[in-house]
Amino acid sequence: MNAPSPAIEVENLVAGYGNRRILHDVTLRVGSGEIMIIMGGSGSGKSTLLRNLLGLDRPSSGTIRLLGRDTGRLNAAERLELQRNIGVSFQGGALLSSLTVGENVALPLREHARLADETIGVMVRVKLEVVNLGGFEHMMPAQLSGGMVKRAALARALAMDPKLLFFDEPSAGLDPVVSSELDDLILKLRDALGMTVVVVTHELESAFKIADRITVLDHGKVLISGTVDDVRNADSERVQDLLHRRSRPVHLSADDYMRRLAGE
Amino acid sequence: MSYKVTTDSGYAIVHLSGDIDLSCSPEARKLILERLAAGKHTLVDLSGVTYIDSSGIASLVEGYQTARKKNLQFGLIAVSEAAMSVLELARLDKVFPIHASVADRVK
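A brief structural summary. Small disclaimer: the values here were computed from a predicted structure and weren't measured.

**Remarks on the sheet that holds strand S2 (residues 20–30) of chain A**
Residue and element names in this part refer to chain A. Read from one edge to the other, the open sheet built from four strands follows the order S2-S1-S4-S5, with strand pairing classed as antiparallel. Edge strands, defined here as strands with exactly one partner in the open sheet, are S2 and strand S5 (69–70). In this structure, strand S1 (residues 8–17) lies alongside strand S4 (residues 61–66), joined through five bridges in antiparallel fashion. Across the sheet, residue Glu 11 finds its bridge partner in S4, namely Thr 63. Packing of helix H1 (residues 46–53) onto the sheet brings it into contact with S1, S2 and S4, and relative to S1 it is tilted by some 115°.

Shown next as structure tokens:
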């Protein structure tokens, strides 16, 4: 028998917006049960990669296989089935502001599963307990702090017990203690549920703490993909710039700069 | 998921095994709630559970809640490692009465 297929396989992905190409030939594999961190500076293409993985954007070329399914070749029913196994926690939370926290978390369950109301109620409360929001079920999103919104969004992403969890910038805008708690939670979820987790972040500390492997994107290309040690010890100057927060020199000829300012 | 129901020392024992997820947890829930509705003290054997998701966990919570309302005894026995890690994640390992075996529970 073949080895179990990886949770994510991206091959030669090319993607962008209009004529602007953002990702150039990205190839990436994430094993089942692995925590993969996707890092890179602003404009490196990490959000575009995430949007393509989630099916929010279509690639120009290349293939994406999630949980063994080629996402470019799914019919509507197959796509829905795949989506049931995928949880996403967006950077801004993306909670529905007119629903309570509990109703937000219950939403995917009411949409995708046939369960008794009592079961859904218990599941929602269990998820909120897991993310340390026990007792906040009846609050509205607007009443929550930034860290609480992230945790509520995570609870909703976990509602269906996904096999694959995407987490966009978990630490952005959070204090160090809350962000460290979220890191611990990601580790616990993987260990207890065997979930495959992809975290997009530019927080080094968090990346090194939770990653099994790290992929560093730069200018839409994979600069390096390896273990925490591989990345730490990488020879690449760009990787070291990112790790040591060094500003990068601007390479632009006087002519090019002039043309750009002149709008030519 | 596969299951069987046995009786031992005055308890109905619901043995669950395999993967308990959204597709079969309503069945597990029904099995447990039916024993309690019949007025039986109920234990759930999780020794053969390879995976349990939160819908399965919710069924156990509902079972315990129902048992308490009806003054019946309820507990988990021989919890597999896979099930225990999920119970711990939800901090339910401190909530459910958990025993190594039926004999251990009865003693």
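**Examining the environment of Lys 30 of chain B**
Residue and element names in this part refer to chain B. As for its position among the elements, Lys 30 is in helix H1 (residues 25–37). Residue classification places Lys 30 among the exposed positions, given a relative accessible area of 54%. Lys 30 sits 17 residues away from Ser 47 along the chain, and the two C-alpha atoms are 19 Å apart.

**Section: the interface of chain B and chain A**
Listed per partner, the contact involves 17 residues of chain B and 20 residues of chain A. Counting the surface lost from both chain B and chain A, the interface buries some 1500 Å², and carbon and sulfur atoms represent 67% of this. Across the chain B-chain A interface, the total number found is two salt bridges. In this structure, Arg 91 of chain B and Glu 129 of chain A form a salt bridge, with 2.8 Å as the shortest nitrogen-oxygen distance. Applying the counting rule to chain B against chain A returns seven residue pairs in polar contact (both at pLDDT 80 or more). Counting residues per element, the ones that place at least two in the side of chain B that touches chain A are H1, strand S3 (41–52), helix H2 (54–69) and helix H3 (81–89) of chain B. Among the elements that line the side of chain B that touches chain A, the one with the most residues is H2 of chain B, at five residues. Residue composition of the side of chain B that touches chain A, grouped by class: nine nonpolar, four polar and four charged.

Cut-offs and rules
- Residues numbered from 1 in each chain as written.
- Chains lettered and ligands numbered in written order.
- Predicted model: local features only at pLDDT ≥ 70, side-chain atom pairs only at ≥ 80, totals over all residues.
- Heavy atoms only, no water.
- Pairing = 2+ DSSP bridges.
- Helix = DSSP H or I, 4+ residues; strand = E, 2+ residues; numbered from the N terminus.
- Contact = heavy atoms within 4.5 Å.
- Axes fitted to C-alpha atoms, helices over the stretch in contact; angles between N-to-C directions.
- Buried < 20%, exposed > 50% of the residue type's maximum accessible area, 1.4 Å probe, protein only.
- Buried area = accessible area lost by both parts, 1.4 Å probe.
- Salt bridge = Lys/Arg side-chain N within 4 Å of Asp/Glu carboxyl O.
- Polar contact = N/O pair within 3.5 Å; in protein donor to acceptor, adjacent residues only side chain to side chain.
- Nonpolar A, V, L, I, M, F, W, Y, C, P; charged D, E, K, R; others polar.

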